[in-house]
Protein chains: 4
Amino acid sequence: MNGKRNICVVVASRANYGRIRSLLSALQANSNINLQIVVTASALLYRFGEVIKLIESDGYNVSAKAHVVLEGDTPSAMAKSTGFAIQELTTIFDFLKPDIVLTVADRYETLATAVAASYMNIHVAHTQGGEVTGSIDESVRHAITKLAHFHFVTTELSKKRVIQMGEDPSRVFLTGCPSIDEITNTDLQVTPDLLEKNGGVGATIDLNKPYLLVLQHPVTTEFNLASSQIKETIEALNRIKMPTIWLWPNIDAGSDAISHELRSFRETENPGWLRLHRNFSIQDYARLMKNCACFIGNSSSALREGAYLGTPAINIGSRQFNRERAENVIDSHAISSEIEKLIRIQVSHGPYASNPLFGNGNSGLKIAQILSTVTLGSTQKVFHDL
Amino acid sequence: MNGKRNICVVVASRANYGRIRSLLSALQANSNINLQIVVTASALLYRFGEVIKLIESDGYNVSAKAHVVLEGDTPSAMAKSTGFAIQELTTIFDFLKPDIVLTVADRYETLATAVAASYMNIHVAHTQGGEVTGSIDESVRHAITKLAHFHFVTTELSKKRVIQMGEDPSRVFLTGCPSIDEITNTDLQVTPDLLEKNGGVGATIDLNKPYLLVLQHPVTTEFNLASSQIKETIEALNRIKMPTIWLWPNIDAGSDAISHELRSFRETENPGWLRLHRNFSIQDYARLMKNCACFIGNSSSALREGAYLGTPAINIGSRQFNRERAENVIDSHAISSEIEKLIRIQVSHGPYASNPLFGNGNSGLKIAQILSTVTLGSTQKVFHDL
Amino acid sequence: MNGKRNICVVVASRANYGRIRSLLSALQANSNINLQIVVTASALLYRFGEVIKLIESDGYNVSAKAHVVLEGDTPSAMAKSTGFAIQELTTIFDFLKPDIVLTVADRYETLATAVAASYMNIHVAHTQGGEVTGSIDESVRHAITKLAHFHFVTTELSKKRVIQMGEDPSRVFLTGCPSIDEITNTDLQVTPDLLEKNGGVGATIDLNKPYLLVLQHPVTTEFNLASSQIKETIEALNRIKMPTIWLWPNIDAGSDAISHELRSFRETENPGWLRLHRNFSIQDYARLMKNCACFIGNSSSALREGAYLGTPAINIGSRQFNRERAENVIDSHAISSEIEKLIRIQVSHGPYASNPLFGNGNSGLKIAQILSTVTLGSTQKVFHDL
Amino acid sequence: MNGKRNICVVVASRANYGRIRSLLSALQANSNINLQIVVTASALLYRFGEVIKLIESDGYNVSAKAHVVLEGDTPSAMAKSTGFAIQELTTIFDFLKPDIVLTVADRYETLATAVAASYMNIHVAHTQGGEVTGSIDESVRHAITKLAHFHFVTTELSKKRVIQMGEDPSRVFLTGCPSIDEITNTDLQVTPDLLEKNGGVGATIDLNKPYLLVLQHPVTTEFNLASSQIKETIEALNRIKMPTIWLWPNIDAGSDAISHELRSFRETENPGWLRLHRNFSIQDYARLMKNCACFIGNSSSALREGAYLGTPAINIGSRQFNRERAENVIDSHAISSEIEKLIRIQVSHGPYASNPLFGNGNSGLKIAQILSTVTLGSTQKVFHDL
């Protein structure tokens, strides 16, 4: 197609987009590349903040949309959505004929992307390989590594792990995470209208006074505990009663249970300290993280962007088990008294020093440069014995 | 369920069944285990010899059948079949509620099985991990390893690789391959009615005289070459004109092209030396391998069962790239003159000494024993850094 | 199966269940029948009130659940959900082996049920055939009639239409609608705790004072107007400001747009007159209809149960186009001023006389009786020329 | 799109293509129309003669291909293929954005096409509505009529039936069948190389001497009898031993059973009178029908094209039950002695007079003209009471 290389990036969620946007920008600016963006899964859904609108308002053309989420909040529904995503993405790749498909991190849509492209003899590029966590994401991330041809990793340790798994060292690139690019290029002051322009319901919050930020997802491998786990967090925060901005959880099994608890609590207690949001622009999310008194939950952003921003954070439960982190994060069990105590400690401590563990601001450019020039031969992979 | 452990084995192809049957027998005989057999993919299909009939005539109860093959002979169709298989197997696992799902080797149905069970928080057991090959199977096999909880490997080197990939060494079991059990327990004399009772069309062949055995599959990552590659083999054999028993290829993309070439050749040339078969019973296949003058193609059976049987074999092309093998195998490019020359060499050489590289006859029992007693806790996996 | 006839009823939504429950009761009580209940689509979903919990608390055993809703709020997502439902229901029918599958009314899950059963050579029974409406439901309902073997219709006119379409008159049974059975057998007084025990959020409403009841779904064939249409209704009600109980819409394409408008309105205006509910028990819904000052929207319940209850009702827009109705219903365009005016007229008018147009209270028993005794021969249908 | 109307024709089988090709030609020649061709189902498959190659060699551009056939030869597999076809066609229609989708006759892919387009608010045009047959096709055809907006019927009686079913008489067009156009525009002399250039295996047949033509499909509603039914036909023909050209059956459930019987018979008996073909060009098929001594089987072509060609035909079993036909057809039960006797009668009788029951040669042009000019308003359908 006029000699340009077709690079197809699949964006599947709010989290995906923040970890890939600076790369999209670099790919779009590269004259050797024809950028194709496929938006799928929760990134299309109203319940999850319609990330597609963010993407389009950021000026990107979307080549195709694939609705693949089987509604149901059960592990089985996640499994079936994976299957359906493989089917839909295959059809889309047949239309778009990408030379390389890039997939982000560790979700079921990420796995579906890698499976579809692999069987179609399309080269697969993967970001965030070699990191470890809890949840099913741990298995899935490494399975994707074993399907992928090019690995863009964020830390030295991740690089070591990807190579340990038998990947060709010459195809493992330590580039850092594009999510850090967003932070280094953004004025991180909060503006008075920040909350309002991002929608949301509940309390009016003055961002110039101390506030908390919460994002807690279900843990798929502890699916049945989603409800009781979130109750502990709610209870801790209801004792502290500091103004709190709370994001609805992602779409993993257990999400409805969490949403149900939040909604019940809000209707029953009508808490004056709670404000709920579906989504923020990437920059506004970074601003909120930079300026909050403490971040609470189990989102990887506490560890990742939080390291660079120096955000005091409480990491609850097993979802980020064993993941690399800077000194800004304190682990807590899902027990309200422990969560409460640790929040108070982090609020007292205040901001931490910035730590460039996951990148220092030019990852998108580095990845785009490699994607535009790396040799594309056979898709046959070969195991590298150590 | 009366305290028994539900072990669900998914059988997806002719090759699968031979590599798992002695294990099925051992599981069925184990009073702590409730054996569930799911038959799927080409194992259900007439075009591929209806392996299900073998399974039933061997006395096994089939718990569920899942038709998942999207007919089409293209890489896209394989990808979509994978997606569909995930959906169907999820529904079946919801009905059967297995404690452990066991999946064999490296095919798309194997991957689908592992993905479905993983997202459903069911323990996954996998045989044949850590082996290396060509084709998409190479990537898929290792991706399955990263999803699986228990690994039953066949060689020391495979064990080393599975552990290298970050798996828990205490869950990697060197048991050998159940396919070798079949050989050690079978009288390997051919009987006069062997061919006839297994169906087949074409020449009448006297198995007491020298004959060749051929099984050559498409290589998915070289999908477009399937037709030209098989022509080279046909040409070589048409020069040798020794009585030849030829099995139709498996269902991978490229299979129709191979079948078409075989069918055309047969109709046009009416070769007196060629007999075509869809399937053999496991024992009869072993008998044919044991007694043939040379095995030709790219089936793993040449390397695996062939090692133990000492079968002189020509391994054509990249499909078994880098795979461990004994001295009975000679590699050839897909070039008719080279194939012809090497066949003549192997026929002259005659049988090789038996090599127990892939097992020595009690693998099924060992695996069943472990499956019935291994501790089943959380399905959360943890990466083991070397 | 002990000589009993397997009757499988597929329940797919809130509306379905109310139109079928008295039949379930009669089937369960019939000693010649083995009742199988399959719950699917929105009847499983939290967003739509988890009708499955109602079913289970009513004492029915659910044989299988099928998550089939592809989340997306677009016509394409509805189409794909139909396809997915066919696949899932086929697997379930393979397990359950029903002699007859009964499907209700006109939704995509209803069509999926009829298609799956038809191709599997299972007899299909259908309720509510021959009625006419707007929306895609109009086409779908009649398509189902042409797939079904037994027709349980609710009015003389419906019976005439089903026969006109070429169905065998001896298989068209005028039984009335089981939804009327619910009303005739229920004490229709509201109790003080009725709203609270059914959940809901928003205003506290005294049911002994005049209140309105609203249920307005999207019209799939006018999918892009869902948002503007609901705004007209909101505006009309915001002028009247009578205490109002509002049910969230069903799952058809456009549903998210309606929910979004409702949610926005509530957050922005904080209206003291509005209470939102996901679901009611069947009896409580009948009580609310019986006692409301006016029913507003486009639900068929206004025409159907409303006829028997004498509920003053405003029917907005095209969704019930041409449908039979009693004198209790006044049609309105989707224009706020017209809606407002007509509500005021209906509130002044007060209750209408009861009209047994759609049944008189023993439909469930009649249908169960026929299903248990009707001859089941070949599934081959034959067109009856008039 | 430059003001042209997008007309999308879905071609799903060998039979489809013959009944639609003259329309494709007329649509392509119409300057107000942008023709989109989607090829799907068995029309893509090698086992069924790869009709797609015919389409492309006839000079048509194919806009999209959709592999939708779940291999399996069971009613359940047909049901699931229907579901899968809905999903795939929806994605394709999302890309192609047709104004009208045209679907042919009565197969599951036809139903899938109508369902997908209906839910997407796309106008549906249908050919061959109002005809009656046996098999599941009978139900499916009429269900499609109830989903379709424009009906192109072939006989007065069909027109009457479509209108009886409640369709708008102004949208029912008696155009005849485009398959007759093919015959009237073709030189129907057989050429000496006709058989050879269409492939085929088995006997060499001189078309200038009397020969028989056979095409017998499974009857889905008698799925379990496929094998025994075809044996009767084989037996009858094996007694007559006149040179016979036999086409493999279509893809409906039971097809593998028929193919298996044919293949077994050929291998066992090596009959000198039998030649098997997967496919013929449309013109060559017409030539073979015109010149055969008798046509045997249950294909609709015996009734349809056979009427115009005056082909002596034996119609076996229930598949064409009640269908309109000319005097050239004699019905037979699936009993070898009856089939044999009737073949001898038809061979003695010789050709019948031509009967224009299903069209007289300009149907394609008429349909194209209507499609290019008919008013396209709302997709909402309205039932027309008689």
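Right above here is the structure, for reference.
Asks: What should I look at first to understand the pairing of strand 13 (residues 313-316) of chain B in this one?
Replies: Every regular strand shows the same layout, with side chains that alternate between the two sheet faces. Residue and element names in this part refer to chain B. Neither face of strand 13 is left uncovered, since the one carrying A313 and N315 and the one carrying I314 and I316 both have all their residues buried. Here strand 12 (residues 294-297) pairs with strand 13 via three bridges, running parallel. The residue of strand 13 that forms the bridge with F295 is A313. For strand 13 and strand 14 (residues 329-332), the ladder comprises four bridges, and the chain directions are parallel. The partner of N315 across the bridge, within strand 14, is D331.

Asks: Just to check I follow, could you spell out the interface of chain A and chain D for this structure?
Replies: By a widely used convention, the size of an interface equals the accessible area lost when the partners come together. Between chain A and chain D, the contact holds six residues from the first and seven residues from the second. Roughly 630 Å² is buried in total at the junction of chain A and chain D, and carbon and sulfur atoms are behind 67% of that figure. At the junction of chain A with chain D, the criterion picks out zero salt bridges. Inspection of the chain A/chain D interface yields two residue pairs in polar contact (both at pLDDT 80 or more). In terms of residue count, the dominant contributor to the side of chain A that touches chain D is helix 4 (residues 75-96) of chain A (five residues).

Asks: It is not clear to me how the pattern of salt bridges should be interpreted in this structure. Could you clarify?
Replies: Opposite charge on two side chains allows them to pair when their charged atoms are near. Under the definition given, this model contains 96 salt bridges over all chains. A:R47 is the salt-bridge partner of C:E71, the closest N and O atoms lying 2.7 Å from each other. Here C:E71, found in the loop between strand 3 (64-66) and helix 4 (75-96), pairs with A:R47, found in the loop between strand 2 (33-40) and helix 3 (51-57), and the two come from separate chains. The salt bridge involving C:K381 is made with C:E167; its shortest N-O contact spans 2.7 Å. With C:K381 in the segment after helix 15 (363-373) and C:E167 in the loop between helix 7 (156-164) and strand 7 (172-174), this pair connects stretches of sequence that are 214 residues apart. Accessibility expressed as a relative area gives 3% for C:E167, which makes it buried.

Asks: Can you help me understand the interface of chain B and chain A in this one?
Replies: If you look at the interface, chain B gives 53 residues, while chain A gives 53 residues. Both faces considered, chain B and chain A share a buried interface measuring about 4200 Å² in area, 60% of it formed by carbon and sulfur atoms. With a shortest N-O distance of 2.8 Å, A:D385 and B:R161 are connected by a salt bridge. For the pair chain B and chain A, the interface holds 21 residue pairs in polar contact (both at pLDDT 80 or more). Elements supplying a minimum of two residues to the side of chain B that touches chain A: helix 4 (75-96), helix 5 (108-119), helix 6 (137-147) and helix 7 (156-164) of chain B. Take the side of chain B that touches chain A: its biggest share by element is 13 residues, from helix 4 of chain B.

Calculation rules
- Residues numbered from 1 in each chain as written.
- Chains lettered and ligands numbered in written order.
- Predicted model: local features only at pLDDT ≥ 70, side-chain atom pairs only at ≥ 80, totals over all residues.
- Heavy atoms only, no water.
- Buried < 20%, exposed > 50% of the residue type's maximum accessible area, 1.4 Å probe, protein only.
- Helix = DSSP H or I, 4+ residues; strand = E, 2+ residues; numbered from the N terminus.
- Pairing = 2+ DSSP bridges.
- Contact = heavy atoms within 4.5 Å.
- Buried area = accessible area lost by both parts, 1.4 Å probe.
- Salt bridge = Lys/Arg side-chain N within 4 Å of Asp/Glu carboxyl O.
- Polar contact = N/O pair within 3.5 Å; in protein donor to acceptor, adjacent residues only side chain to side chain.

Purely geometric numbers; function is a separate question.
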